[in-house]
Amino acid sequence: MGSDAARLLDAADFAAGKHKEQRRKDPEGTPFINHPIAVARILASEAGVTDIVVLQAALLHDTVEDTDTAFSEIEERFGEEVRRVVEEVTDDKALPKAERKRLQIERAPASSPRAKLVKLADKLHNLRDLNRCAPQGWSPQRVQEYFQWAARVVAGLRGTSPPLEAALQRLFEERGLASAPPGPDADTGTETGGAWEGRAPRVGRGGQ
Ligand SMILES: Nc1nc2c(ncn2[C@@H]2O[C@H](COP(=O)(O)OP(=O)(O)O)[C@@H](OP(=O)(O)OP(=O)(O)O)[C@H]2O)c(=O)[nH]1
Ligand SMILES: [Mn+2]
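What counts as what
- Residues numbered from 1 in each chain as written.
- Chains lettered and ligands numbered in written order.
- Predicted model: local features only at pLDDT ≥ 70, side-chain atom pairs only at ≥ 80, totals over all residues.
- Heavy atoms only, no water.
- Near = heavy atom within 4 Å.
- Polar contact = N/O pair within 3.5 Å; in protein donor to acceptor, adjacent residues only side chain to side chain.
- Areas by Shrake-Rupley, 256 points an atom, 1.4 Å probe, with all protein chains shown as cover.
- 1 Å grid on protein atoms, 1.4 Å probe; cavity = no way out; pocket = protein on both sides within 12 Å on 5 of 7 lines; lining within 4 Å.
- Sits in = over half its atoms within 2 Å of the grid points.
- Helix = DSSP H or I, 4+ residues; strand = E, 2+ residues; numbered from the N terminus.
- Nonpolar A, V, L, I, M, F, W, Y, C, P; charged D, E, K, R; others polar.
- Salt bridge = Lys/Arg side-chain N within 4 Å of Asp/Glu carboxyl O.
- Buried < 20%, exposed > 50% of the residue type's maximum accessible area, 1.4 Å probe, protein only.
- UniProt positions renumbered as here; feature names shortened; annotations may be inferred.
- Contact = heavy atoms within 4.5 Å.
- Axes fitted to C-alpha atoms, helices over the stretch in contact; angles between N-to-C directions.
- Left-handed = near helix turned anticlockwise from the far one by under 90°.
- Points joined across faces, edges and corners; volume = space filled by probe spheres on them.
- Donors = N, O, S within 2.8 Å, 3.2 Å for Na, K, Ca; no water.

(A) The site of ligand 1, seen in detail. Close to ligand 1 lie 20 residues; Lys25, Lys97, Gln104, Arg142 and Tyr146 are nearest. Contact between ligand 1 and lysine 101: an oxygen atom at 3.0 Å from a side-chain N or O atom of the residue. Within the contact set of ligand 1, an oxygen atom lies 2.7 Å away from a side-chain nitrogen or oxygen of arginine 142. Relative to its unbound accessible area of 680 Å², ligand 1 is 91% covered by the protein chains. Spatially, ligand 1 is embedded in the largest pocket. Elements with a contribution of two residues or more to the shell around ligand 1: α7 (97-107), α8 (113-132) and α9 (140-155). Ranked by residues supplied to the shell around ligand 1, first place goes to α8 with 5 residues. The class makeup of the residues in the shell around ligand 1 is 5 nonpolar, 3 polar and 12 charged.

Rendered as structure tokens:
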């Protein structure tokens with residue numbers, strides 16, 4: 001099986017090979033692999049995660065969604081637990097974009113704790129990246145809409161990692177997106193209404 005370090009580097013090497021032709025959407029064309037590495041770093045350094053399955057899944061989280069990688073390949077090389085987390089954080093690109101985005105909001109609350117960690121770190125890195133530099137062709141309104149959508153996904157991931165949720169909360173507040181504080185009573189607060197500018201109501205806590 002090898003050491004934890006070996007397993008982690010195996011995942012980093014696999015992801016680097018799969019993403020080798022891809023660039024991020026920023027005007028600098030940052031190598032895509034910077035993103036999964038940053039997501040794994042956020043989990044290890046900011047969330048204090050030591051679970052190698054989570055860190056491997058973070059490195060691999062966009063391989064199936066964005067390259068020719070099959071889930072079976074992930075399972076054969078990294079095992080069933082890693083495959084399962086990657087599967088939970090992979091959008092079905094065959095679906096229309098609006099449906100994919102809706103499903104992320106709907107499915108967040110019932111995700112496994114491991115998948116919730118990867119999703120929180122993924123959103124945190126994408127939002128920090130948006131603040132740093134918007135992707136080519138994105139208007140300020142599109143950026144703001146991504147923040148609004150991300151806040152709805154993150155609302156369904158609460159109770160998972162206080163440091164990541166606090167970092168995300170600050171980013172949402174900077175954008176004028178208030179939301180209820182973490183915790184079991186998060187859906188009872190009314191003082192923070194209006195975050196969605198009259199769009200849909202907050203979602204995703206039903207019965208979880
Ligand atoms: N902020 C930012 N995002 C970039 C950049 N380059 C690529 N992305 C990716 O773009 C996706 C968000 O763009 P959208 O237009 O909303 O989604 P889409 O790619 O699925 O169509 C994210 O994918 P994802 O990882 O699948 O996350 P998510 O859509 O599930 O949040 C993000 O990782 C960049 O330079 N900055
Ligand atoms: Mn990602």
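Read on for the rest.
(B) Quick look at the pattern of salt bridges. Evaluation of the coordinates by the stated rule reveals 18 salt bridges. Here arginine 128 ties to glutamate 46 by a salt bridge, and the two come within 2.8 Å at their closest N and O atoms. Of the two residues, arginine 128 sits in helix α8 while glutamate 46 sits in helix α2 (residues 34-46), which places them 82 residues apart along the sequence. The class of glutamate 46 is partly exposed, set by a relative accessible area of 27%. As a salt-bridge pair, arginine 114 and aspartate 51 come within 2.8 Å of each other at their nearest N and O atoms. Of this pair, arginine 114 sits in helix α8 while aspartate 51 sits in the loop between α2 and α3 (52-60); the two residues are 63 residues apart in sequence, bridging distant segments of the chain. Among the residues examined, arginine 114 registers a relative accessible area of 25% and is labelled partly exposed.

(C) Quick peek at the UniProt feature "domain: HD" (unreviewed entry) in the chain. The UniProt record annotates "domain: HD" (unreviewed entry) at residues 32-127. The span residues 32-127 shows a helical share of 72% and a strand share of 0%, and its end C-alpha atoms are spaced 15 Å apart.

(D) Inspection of the side chain of threonine 69 at higher detail. Along the chain, the position of threonine 69 falls in the loop between α4 (63-66) and α5 (71-78). Accessibility expressed as a relative area gives 5% for threonine 69, which makes it buried. In contact with threonine 69, other than residues within four places in its own chain, are Phe14, Lys18, Thr63, Val64 and Ile74.

(E) Representation of the packing of α5 against helix α6 (residues 80-88) within the structure. In contact at an axis separation of 7 Å, α5 and α6 are set at 145° when each is read in the N-to-C sense. With respect to the hand of their crossing, α5 and α6 are arranged in right-handed fashion. Contacts between α5 and α6 involve Phe71, Ile74, Glu75 and Phe78 from the former and Glu80, Val82, Arg83, Val86 and Glu87 from the latter. Looking at the contact of α5 with α6 residue by residue, the classes come out as 5 nonpolar, no polar and 4 charged.

(F) The layout of surface pockets, seen in detail. Computed from the structure, the largest pocket encloses a volume of approximately 1200 Å³. Forming the walls of the largest pocket are 47 residues, and the residues nearest its centre are Glu65, Asp91, Lys101, Gln104 and Tyr146. Contributing elements (two or more residues each) for the lining of the largest pocket: α4, α6, α7, α8 and α9. Residue classes in the lining of the largest pocket are distributed as 15 nonpolar, 8 polar and 24 charged.

(G) A look at the coordination of the manganese ion (ligand 2). Within the protein, the manganese ion (ligand 2) binds to His35 (NE2), His61 (NE2), Asp62 (OD) and Asp122 (OD); these donor distances fall in the range 2.2 to 2.4 Å. Mapped onto the sequence, the residues coordinating the manganese ion (ligand 2) show the spacing H-x25-H-D-x59-D. Residue histidine 35 is located in helix α2, and its partner histidine 61 is located in the loop between α3 and α4; the two are separated by 26 residues in the primary sequence. Of the two residues examined, histidine 35 and histidine 61, each falls in the buried class.

(H) How the structure looks around the environment of threonine 90. By the secondary structure assignment, threonine 90 is in the loop between α6 and α7. For the pair formed by threonine 90 and asparagine 126, sequence separation is 36 residues and the distance between their alpha carbons is 15 Å. Apart from the residues within four sequence positions on either side, threonine 90 is in contact with His61, Val64, Glu65 and Phe71. Polar side-chain contacts of threonine 90 include one of 2.6 Å to the backbone oxygen of valine 86.

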